[in-house]
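A look at the structure
The chain contents come next:
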Amino acid sequence: MRRYCLTSGLMALPCLVACGCGNGSYNAEIRVPLNERHLLTTGVSPGDAIRLPGDRTFNIHQKTSGQDKGPVGDARGDSDASPDGNAFCEVRASNGATAQADFALGHRLDNKSDRRLAAGIQIEFELQQEARGPSAPGRKTLAAGQLSIVILDDRRRAVSTVPVAQTNSDSAIGSSLHSYRFNLSTVFEPQQSYSIILQANVTSEADADQEVFARLQVRNLRMGLTFSPAPPDSAPAAAPAGE
């Protein structure tokens, strides 16, 4: 088994344009109170920008966690997500225990207009990853985590998915700090809702007499959104010659 050390540092990644549809879905319900929903109306003008947080705070900030200590083990799952753009999830398990944690951080917008809107979405954040485990892990011993950017429609289908990071204690031990920037584009259909989220989860399981740990932390999430009229979904068929 090959093992690598993650080193601390700061890395700026170039912009990535991700368009089109993905085939995934997000199982958890996106809960946004009525008074926090962001409504796009016919008053949206080309060049208008929404800056998050700033004009508003993020209206999606969900978390879950859990653990199973088993007969003699110890475990802890923990997570948090705040409307100002910070979140983490971490797990620790030892001696036959398991743990899991996740978060969803981002923003939901409801296109209440009668037109298709082309959305330009800029996303920036810092991500700290950490994974720790024994030098000779047992068959079940593993801590793993992943982070993705997902754009969901109101049926929780992923219309765009961008994998950002994956880590596990079998291949990487230590910590890292990276800075990311993405430029995404999609189309918001009329009378539909869309959620733009950073989705992260971590899991851990440990054999007897072993312990593993994993943590993902997002800091200073920033989003900038611009909108303009999108072309029709399909053009009318051309009239036959001579008519």
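Residues numbered from 1 in each chain as written. Predicted model: local features only at pLDDT ≥ 70, side-chain atom pairs only at ≥ 80, totals over all residues. Heavy atoms only, no water.

Turning to the pattern of salt bridges, a few remarks are in order. Summed over the entire model, instances satisfying the criterion amount to 9 salt bridges. With a shortest N-O distance of 3.5 Å, Asp-80 and Lys-63 are connected by a salt bridge. Residue Asp-80 is located in strand β6 (residues 74-82), and its partner Lys-63 is located in strand β5 (residues 60-68); the two are separated by 17 residues in the primary sequence. Residue Asp-80 is classed as partly exposed on the basis of its relative accessible area of 33%. For Lys-63, a relative accessible area of 46% translates into the label partly exposed. (Salt bridge = Lys/Arg side-chain N within 4 Å of Asp/Glu carboxyl O. Helix = DSSP H or I, 4+ residues; strand = E, 2+ residues; numbered from the N terminus. Buried < 20%, exposed > 50% of the residue type's maximum accessible area, 1.4 Å probe, protein only.)

So, about the packing of aromatic side chains. Where two aromatic rings form a pair, the distance of their centres and the angle of their planes describe that pair. In this structure the tally under the stated criterion is 5 aromatic pairs. Taking 4.4 Å as the distance between ring centres and 5° as the angle between the ring planes, the aromatic pair formed by Phe-188 and Tyr-194 counts as stacked. Taking relative accessible area as the criterion, Phe-188 reaches 0% and is therefore assigned buried. Grouping aromatic residues by their ring pairs yields a cluster made of Phe-125, Tyr-180 and Phe-182. (Phe/Tyr/Trp six-rings, centres within 6.5 Å; stacked < 30°, edge-to-face > 60°.)

Core analysis: the biggest nonpolar cluster contains 48 residues, and Ile-123, Phe-125 and Leu-147 have the highest contact counts within it. If you tally residues by element for this core, the top one is strand β14 (residues 211-229), at 8 residues. Leave out the neighbours within four places in its chain, and Leu-147 touches Phe-103, Phe-125, Leu-127, Pro-163, Val-164, Ala-165, Leu-198, Gln-199, Ala-200, Leu-216 and Val-218. Among the nonpolar cores identified, the runner-up in size contains 8 residues, and Ile-30, Val-32, Ile-60 and Ala-158 belong to it. (Core = buried A, V, L, I, M, F, W, Y, C linked by side-chain atoms within 4.5 Å. Contact = heavy atoms within 4.5 Å.)

Going from Leu-52 to Pro-53, the amide bond is cis rather than trans, its omega being -15°. By the element assignment, Pro-53 lies in the loop between β4 (49-52) and β5. At Arg-156, a residue that is not glycine, the phi angle is positive and equals roughly 65°. Looking at the element boundaries, Arg-156 is found in the loop between β10 (142-153) and β11 (158-168).

Following the sequence through the fold, Arg-215 ends up in strand β14. Judged by relative accessible area, which is 18%, Arg-215 ranks as buried. A polar atom in the side chain of Arg-215 sits 2.3 Å from the side chain of Glu-90. Leaving out residues up to four positions away in the same chain, Arg-215 has contacts with Phe-88, Cys-89, Glu-90, Gln-128, Gln-129 and Glu-130. (Polar contact = N/O pair within 3.5 Å; in protein donor to acceptor, adjacent residues only side chain to side chain.)

So, on to the pairing of strand β13 (residues 192-205). Burial within β13 is extensive, with 10 of its 14 residues counted as buried. In the sheet, strand β8 (residues 98-111) pairs with β13 via 14 bridges, with the strands oriented antiparallel. Across the sheet, Ala-104 pairs through a bridge with Gln-199, a residue of β13. (Pairing = 2+ DSSP bridges.)

In this section: the environment of Arg-181. Secondary-structure assignment places Arg-181 in strand β12 (residues 172-188). Residue classification places Arg-181 among the partly exposed positions, given a relative accessible area of 36%. Along the primary structure Arg-181 and Gln-122 are separated by 59 residues, whereas in three dimensions their C-alpha atoms are 7.3 Å apart.

On average, the protein chain scores 85 in pLDDT, and the residues at 70 or more come to 82%. Taken as a whole, residues 1-25 scores under 50 in pLDDT and shows 66 contacts with residues more than four places along the chain or in a different chain. Within the model, pLDDT remains below 50 along residues 235-243, and this stretch shows 0 contacts once partners closer than five positions in the same chain are excluded. (pLDDT = per-residue confidence, 0-100.)

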